[in-house]
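Chain and residue survey
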Amino acid sequence: MTDTSAPANPTPDDKAPPAPSLRVLGQYVKDLSFENPGHPPVQTQPNIDLGIDVGAAPHADGNGLFEVSLKLSAKALAGDTTLFITELDYAGLFQLSNVTEKQIEPMLLIECPRLLFPFARRIIAEITREGGFPPLMIDPVDFVQLYQAQYRKAAERAGTPPSEG
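All of the points below concern the structure found in this document. None of the values given here were measured: they were computed from a predicted structure.

Here we take up unusual backbone geometry. Although it is not a glycine, N98 adopts a positive phi angle of roughly 60°. Mapped onto the elements of the fold, N98 is located in the loop between β4 (81–97) and α1 (101–130). Here N98 falls in the partly exposed class, since its relative accessible area comes to 42%.

Take a look at the structure:
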């Protein structure tokens, strides 16, 4: 046993900036549709056309509040026959604090959708199962890669080369 011990209440370093934080204040289905135009028996694996889109907007209340929307769409085709079409707009209300301007966009378009995705994935699986099909289990999404692709596309439209890093 030693004669010295750590102080019970260490004093915080006043010079250290507060750590960035991200809080999920709520999440909800904004829009959900499922169309089952024809349900013929499927003998082969259907082709699934999957779409993913992420958007973010400041909330009217301000105070670092943002609504992030994750839109998933899936269309199943067997040959020329459409088996089902489903679209989900799943959103969350997030509060960012102690975040620099440079950190805001990546947090909103990478970290927030990463938190929403498991819930949206479950909803898509359940709605396709309820529609009479095997549950559509969407593979995990690399939101960093999706963000980088959107960033490059926006830079190309603006006519400027994307910066490395």
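In this model, helix α2 (residues 143–158) (16 residues) spans 22 Å end to end at C-alpha, consistent with the 22 Å of a helix rising 1.5 Å per residue. Turning to α2, the residues buried within the fold contact β2 (47–58), β3 (65–78) and α1. N-capping of α2 is provided by D142, with a side-chain oxygen placed 3.1 Å from the backbone N of V144. Where α2 ends, the next residue or the one after it, G159, has phi of about 80°, a positive value.

Turning our attention to the packing of aromatic side chains. One pass over the full model with this rule turns up four aromatic pairs. Ring geometry for F117 versus F143: centroids 6.0 Å apart, planes at 70°, classification edge-to-face. Of this pair, F117 sits in helix α1 while F143 sits in helix α2, and the two are 26 residues apart along the sequence. The exposure classification of F117 matches that of F143, with both residues buried. Members of the aromatic cluster, connected to one another through ring pairs, are F34, F84 and F133.

Thresholds applied
Residues numbered from 1 in each chain as written. Predicted model: local features only at pLDDT ≥ 70, side-chain atom pairs only at ≥ 80, totals over all residues. Heavy atoms only, no water. Helix = DSSP H or I, 4+ residues; strand = E, 2+ residues; numbered from the N terminus. Buried < 20%, exposed > 50% of the residue type's maximum accessible area, 1.4 Å probe, protein only. Expected span 1.5 Å × (residues − 1). Contact = heavy atoms within 4.5 Å. Polar contact = N/O pair within 3.5 Å; in protein donor to acceptor, adjacent residues only side chain to side chain. Phe/Tyr/Trp six-rings, centres within 6.5 Å; stacked < 30°, edge-to-face > 60°.

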